Amino acid sequence: MSASDAATAIVTPKVTADSAAPDSDGTTPERGIGASVPPADARAKTEGTFPYAADLWAEGLLWAAVLRSPHAHARIRSIDTSAAARMPGVRAVVTQADVPGAATHGRRIADRPVFAHDVVRHHGEPIAAVAADHPDAARLAAAAITVEYELLDPVTDPEQAFGAPPLHPDGNLIRHIPLSYGDPEATGEVVVEGLYRIGRQDPAPIGAEAGLAVPRPDGGVEIYTASTDPHSDRDLAAACLGLEPERVKVVVTGVPGATGDREDSGFQLPLGLLALRTGCPVKLAATREESFLGHSHRHPTLLRYRHHADAEGRLVKVEAQILMDAGAYADSSSESLAAAVAFACGPYVVPNAFVEGWAVRTNNPPSGHVRGEGAMQVCAAYEGQMDKLAAQLGIDGAELRLRNVLATGDSLPTGQAVTCPAPVAELLRAVRDSELPALPKDTPEEEWLLPGGPEGAGEPGAVRRGVGYGLGMVHMLGAEGTDEVSTATVKVYGGEATVICAAVETGQGFTTLARQIVQEVLGVDEVTVAPADTDQPPAGPATHGRHTWVSGGAVERAAKMVRTQLLQPLAAKFGMSTELLQIADGRITSYDGAFSTTVAEALEGKELWATAQCRPHPTEPLDANGQGDAFVGLAFCAIRAVVDVDVELGSVRVVELTVAQDVGRVLNPRQLRARIEAGVTQGVGAALTENLRTASGLVRHPDLTGYALPTALDAPAVRIVKLVEERDVVAPFGAKAASAVPVVTAPAAVASAVRAATGRPVNRLPIRPSAAVGVSNS
């Protein structure tokens, strides 16, 4: 067996309905759309047999290591790899001089070098890579590479980036959006202002980046990795490796969670380059520190707001300035800024809005796509403003919000009409009217959970309870003219169906949904979803709920085409149209009940297949005034947070988060609730603990000890009180994205509740203890 065959055999397991775990009572779960079908890979993951990228192996394997910059900004005077090349077991050492193709790369803007060669622009930037017979030999060889640096002053304050010398040939400004909507002279009777800062949240995947590159006989390379967008990764790798795209194949292995762009491209490219240079399979498994330094983070953002309202609390005008820190390279900063500017006023009716947004380069760690990018940062700010307005007007926070909420038919500040369902008022009333959790005084003292945790250091007398609200919104699919398209093939033979689609399963449940769709349309229980790779037509990235909508839509269309092929001979035999035949519970029955047969009998001896595409209606870029129909669809969420704050210690305990969400249609109840709960928990991390701290551009404590993720003890009770199923008519199944909008909304709700408990402004996320100490009477 060749090295390529060995790798392929390991990393391409079939995902079938047979491997699905039964319900807790031992019965076979219900099939089809609307059922809580468990993930097909659930048993393998719980038993520890599911193959992830870190589990890859191939005959003749070499190990790779990457030398990364210890500085945030420096000029490279020289790179000496001779000592590393002479070390025992070292098979290759590569730098930028060895890159055969394009010198720079990037998912959206090609501004990032494969290896830094003249200037280092951020801490952890790749400089060279080594392949050796043993992982320790590779690491030692990478450490033996001598780099002479001339240290430069890093630009770490995004406000200083405007006047600083250019950090990149493309300059420091990545994008500027000046949104103008309505009358600039409009004023309100009440005006409140605020300055808000949002920290650097890391995606913090459970599994660090890993991959295997295998050279091909035709001089190409196969890359096995946990990619979330294999075709983009293939095209990027091909350009930098100087190969035609058809000579590069990306095979998706098990993805151990993804809340953003899963792979650091600067990780995959050295892997492919080393495999081509050595002619051997090469494996690279990042350490946790390398993972923190290499991949993109949520954009740290500075936001200045001024809200105008009339005496009744109705919004008159919103003015805002949004400054996003992109780090050293552009990545998805342009798209993140567009979302931030477009949603700067939130799900509220604002007749006049004037928003300026900038994304700038600095020498800080790279920023990019993280779930709810752009929308999360502005949600924390505009909800802080709504709390300020409510306090100044003496109006209940929920009531003030209800007086301003967006509805179907209203317009965004971009001028785009909201044509999708927008039940924002219904969501807010649902969480507002829900029963509040019991107060500690109503429970035995030994059962009290203080903000400091079990047996916390605080005293009950110092604890204040607060109730706050957050309303959030996100866009679905790509924006500003992105060509959203996905292709899927459905094959049926021998009573079993196979779905072929390059949509990557990142934990969002696409493979489960694909099985449900085929079961629903064709009445076939046994459904296999083939592993994703670049031999299949593109399906696009696994972001913004795309695969539920676009890839799920493609699977549905292909399955319906196969259904027509299956039913046409039967319909012709009985002189009726296929529309008069229905498939249910594994049987094909005519409308009058005169004819009935099983799906298995109808399929006997037949092999049917069809390929279909799904492409939503087009969008357009925002114009010079920030106007345009930039988004395909929107999703909304309301959260009520209840917190206990120790005003002496500044510690915060989230008691409960009550959620109502606009979901369009529930496709898998159990899976949907799990996605919402996970999103809420990620939002709590952004609100209270998660901040990748830096000093002069250097990442401090790039590990899971220094970066505080919420644990099971930190995760609050999440109560989902309403799921509004008002179907979006332009979306397949009518369903909406589910994961991002609770991430966007939860931090704002938690901050609102802390304000209510302390009376203090709380204008920074994550919330520092100093912001929650003491009680303000203002």
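It should be noted that the structure appears before, not after, this text.
Residues numbered from 1 in each chain as written. Predicted model: local features only at pLDDT ≥ 70, side-chain atom pairs only at ≥ 80, totals over all residues. Heavy atoms only, no water.

Undergrad: Sorry, what's going on with the overall build of the protein here?
TA: Helix and strand counts for the protein stand at 16 helices and 32 strands. In summary, the protein has a C-alpha radius of gyration of 27 Å against a globular reference of 28 Å for 778 residues, a match within 12%. Expressed as lengths along the three principal axes of its C-alpha atoms, the size of the protein is roughly 80 × 75 × 60 Å. Sequence-distant contacts, at least 24 apart, represent 79% of the contacts inside the protein between residues at least 6 apart. As displayed, the protein has an accessible area near 29,100 Å², and 49% of this comes from carbon and sulfur atoms. Separation of charge centres in the protein, based on 66 positive and 94 negative side chains, amounts to 1 Å. (Helix = DSSP H or I, 4+ residues; strand = E, 2+ residues; numbered from the N terminus. Rg over C-alpha atoms; globule rule 2.2 N^0.38 Å. Contact = heavy atoms within 4.5 Å. Areas by Shrake-Rupley, 256 points an atom, 1.4 Å probe, with all protein chains shown as cover. Lys, Arg positive; Asp, Glu negative; His and termini not counted. Charge placed at Lys NZ, Arg CZ, Asp CG, Glu CD.)

Undergrad: Would you explain the sheet that holds strand β10 (residues 173–181) in this entry?
TA: The sheet built from 6 strands is open, its strands ordered β10-β18-β17-β16-β11-β32 with mixed pairing. Strands with a single pairing partner mark the edges of an open sheet, and in this sheet they are β10 and β32 (764–765). Relative to strand β18 (residues 353–360), strand β17 (residues 315–325) is paired through 8 bridges, and the arrangement is parallel. Residue pairing across strands places M324 opposite A359, the latter belonging to β18. (Pairing = 2+ DSSP bridges.)

Undergrad: Where do I start with the side chain of T414 in this structure?
TA: Here T414 lies in the loop between α10 (397–402) and α11 (424–432). Since its relative accessible area comes to 1%, T414 is described here as buried. Excluding anything up to four places from it in sequence, T414 contacts L179, A342, L622, G626, Q627 and G628. (Buried < 20%, exposed > 50% of the residue type's maximum accessible area, 1.4 Å probe, protein only.)

Undergrad: How should the environment of P421 be read in this particular structure?
TA: In this structure, P421 sits in the loop between α10 and α11. Through-space distance from the C-alpha of P421 to that of D662 is 8.2 Å; in sequence the pair is 241 residues apart. Those residues in contact with P421, other than ones at most four positions away along the chain, are T408, F636, D662, E726, R727, D728 and K736.

Undergrad: Just checking my understanding: could you explain unusual backbone geometry for this structure?
TA: Glycine aside, negative phi is the norm for most residues, and most peptide bonds take the trans geometry. In this structure, the amide linkage connecting L765 to the following residue, P766, adopts the cis form with an omega of 0°. Within the element layout of this structure, P766 appears in the segment after β32.

Undergrad: So what exactly am I meant to see when it comes to the pattern of salt bridges here?
TA: Think of it this way: side chains of opposite charge can pair up when their charged atoms draw near. Taken as a whole and assessed by the stated rule, the structure comprises 34 salt bridges. A salt bridge links D387 to R401, with the nearest nitrogen and oxygen atoms 2.9 Å apart. Taken together, the residues span a long stretch of sequence, with D387 in helix α9 (residues 375–393) and R401 in helix α10 at a distance of 14 residues. Salt bridges sharing partners connect three or more residues here, namely E383, D387, R401 and R755. (Salt bridge = Lys/Arg side-chain N within 4 Å of Asp/Glu carboxyl O.)

Undergrad: Sorry, what's going on with the packing of aromatic side chains here?
TA: Any two aromatic rings considered together are summarised by their centre-to-centre distance and by the angle between their planes. Tallied over the full model, the rule gives 6 aromatic pairs. Considering the side-chain rings of F50 and Y52, the 5.1 Å spacing of their centres and the 65° angle between planes classify their relative orientation as edge-to-face. Judged by relative accessible area, F50 falls into the buried class, the value being 13%. Here F162 and W358 contribute two aromatic rings whose centre-to-centre distance is 6.0 Å and whose plane-to-plane angle is 85°, an arrangement assigned as edge-to-face. Residue F162 is found in the loop between β9 (146–151) and β10, and its partner W358 is found in strand β18; the two are separated by 196 residues along the sequence. The exposure class of F162 is partly exposed, given its relative accessible area of 43%. For W358, a relative accessible area of 17% corresponds to the buried category. Geometry around F50 places K45 over its ring, the cationic atom sitting 5.0 Å from the centre. (Phe/Tyr/Trp six-rings, centres within 6.5 Å; stacked < 30°, edge-to-face > 60°. Lys NZ or Arg CZ within 6 Å of the ring centre and 35° of its normal.)

Undergrad: I would appreciate a short explanation of the side chain of Q519 in the present structure.
TA: By secondary structure assignment, the location of Q519 is in helix α12 (residues 510–522). Taking relative accessible area as the criterion, Q519 reaches 6% and is therefore assigned buried. A polar contact of 3.4 Å, which involves the side chain of Q519, links it to the backbone oxygen of D525. Sequence-distant contacts of Q519, defined by excluding residues within four places in its chain, comprise R31, G32, V524, D525 and V527. (Polar contact = N/O pair within 3.5 Å; in protein donor to acceptor, adjacent residues only side chain to side chain.)

Undergrad: Looking at this structure, how should I read the sheet that holds strand β8 (residues 126–132)?
TA: Two pairing modes exist for strands in a sheet, parallel and antiparallel, and in both the strands are linked by backbone hydrogen bonds. The mixed open sheet is built from 7 strands, whose spatial order is β4-β8-β2-β15-β12-β13-β14. Pairing within the sheet leaves two strands with one partner each, and these edge strands are β4 (90–94) and β14 (248–252). Along the sheet, successive strands turn relative to each other by an average axial angle of 20°, direction set aside. As judged from the 5 bridges shared by strand β13 (residues 221–225) and β14, these two strands associate in the parallel manner. Within β14, the position partnered with E222 by the bridge is K249. Where helix α4 (residues 135–144) meets the sheet, its contacts fall on β2 (62–68), β4 and β8, and the angle it forms with β2 comes to roughly 25°. Along the sheet, helix α6 (residues 265–278) makes contact with β2, β4, β8, β12 (210–215), β13 and β15 (282–285), crossing β12 at roughly 30°. (Axes fitted to C-alpha atoms, helices over the stretch in contact; angles between N-to-C directions.)

Undergrad: Please clarify how the state of the cysteines should be interpreted in this entry.
TA: Here a disulfide denotes a covalent bond joining the sulfur atom of one cysteine to the sulfur atom of another. Across all of its chains, the model carries 0 disulfides by this definition. Among the cysteines around C614, which has no disulfide bond, C501 carries the closest sulfur, lying 10 Å off. (Disulfide = S-S within 2.5 Å.)

Undergrad: Before we go on, may I ask you to explain α11 in this structure?
TA: Turn by turn, an α-helix covers 3.6 residues, leaving residues three or four places apart pointing in a common direction. All of the buried residues in α11 are V424, A425, L427, L428, A430 and V431. On the buried face of α11, the contacting elements are α10, β19 (463–479), β27 (631–646), β28 (651–662) and β31 (717–724).

Undergrad: What am I meant to see in α9 here?
TA: In this model, α9 (19 residues) spans 27 Å end to end at C-alpha, consistent with the 27 Å of a helix rising 1.5 Å per residue. Among the 19 residues of α9, 15 are classified as buried, and the element is accordingly described as predominantly covered. (Expected span 1.5 Å × (residues − 1).)

Undergrad: I would appreciate a short explanation of the pairing of strand β21 (residues 496–501) in the present structure.
TA: Remember that side chains alternate between the two faces of the sheet whenever the strand is regular. Only one face of β21 is covered, namely the face carrying A497, V499 and C501; the face carrying E496, T498 and I500 is uncovered. As paired elements, strand β20 (residues 486–493) and β21 share 6 bridges and run antiparallel to each other. Considered in β21, the bridge of T489 is made with I500. The pairing of β21 with strand β22 (residues 526–529) spans 4 bridges and is parallel. In the strand pairing of β22, A497 is matched with V527. Where the polypeptide runs from β21 across α12 and back to β22, its parallel neighbour, the crossover connection is right-handed. (Right-handed = clockwise from strand over helix to strand, strands pointing away.)

Undergrad: Looking at this model, I keep getting lost on the nonpolar core. Mind explaining?
TA: Here is a general trend for soluble globular proteins: nonpolar side chains tend to be buried in one another's company. Counting 107 residues, the largest nonpolar core has Y305, I322, F343, L634, V750 and V754 as the members making the most contacts within it. Looking at which element gives the most residues to this core, the answer is helix α16 (residues 740–758), with 11 residues. Apart from residues no more than four positions distant in its own chain, V750 is found in contact with A641, V643, V654, L657, A687, L688 and I767. Ranked by size, the runner-up nonpolar core spans 51 residues in total, among them V492, V521, A558 and L567. (Core = buried A, V, L, I, M, F, W, Y, C linked by side-chain atoms within 4.5 Å.)

Undergrad: Can you walk me through the packing of helix α5 (residues 230–241) against α6 in this structure?
TA: For any two helices packed against each other, the geometry comes down to the angle between their axes and how far apart the axes lie. Between α5 and α6, whose axes approach to 10 Å, the crossing angle comes to 50°. When the interaxial angle is binned, α5 and α6 end up oblique. The handedness of the crossing between α5 and α6 is right-handed. Packed against α5, whose contacting residues are D233, L236, A237, C240 and L241, the element α6 presents S265, Q268, L269, G272, L273 and L276 at the interface. Among the residues making up the contact of α5 with α6, the classes are represented as 7 nonpolar, 3 polar and 1 charged. (Parallel < 35°, antiparallel > 145°, perpendicular 65-115°, else oblique. Left-handed = near helix turned anticlockwise from the far one by under 90°. Nonpolar A, V, L, I, M, F, W, Y, C, P; charged D, E, K, R; others polar.)

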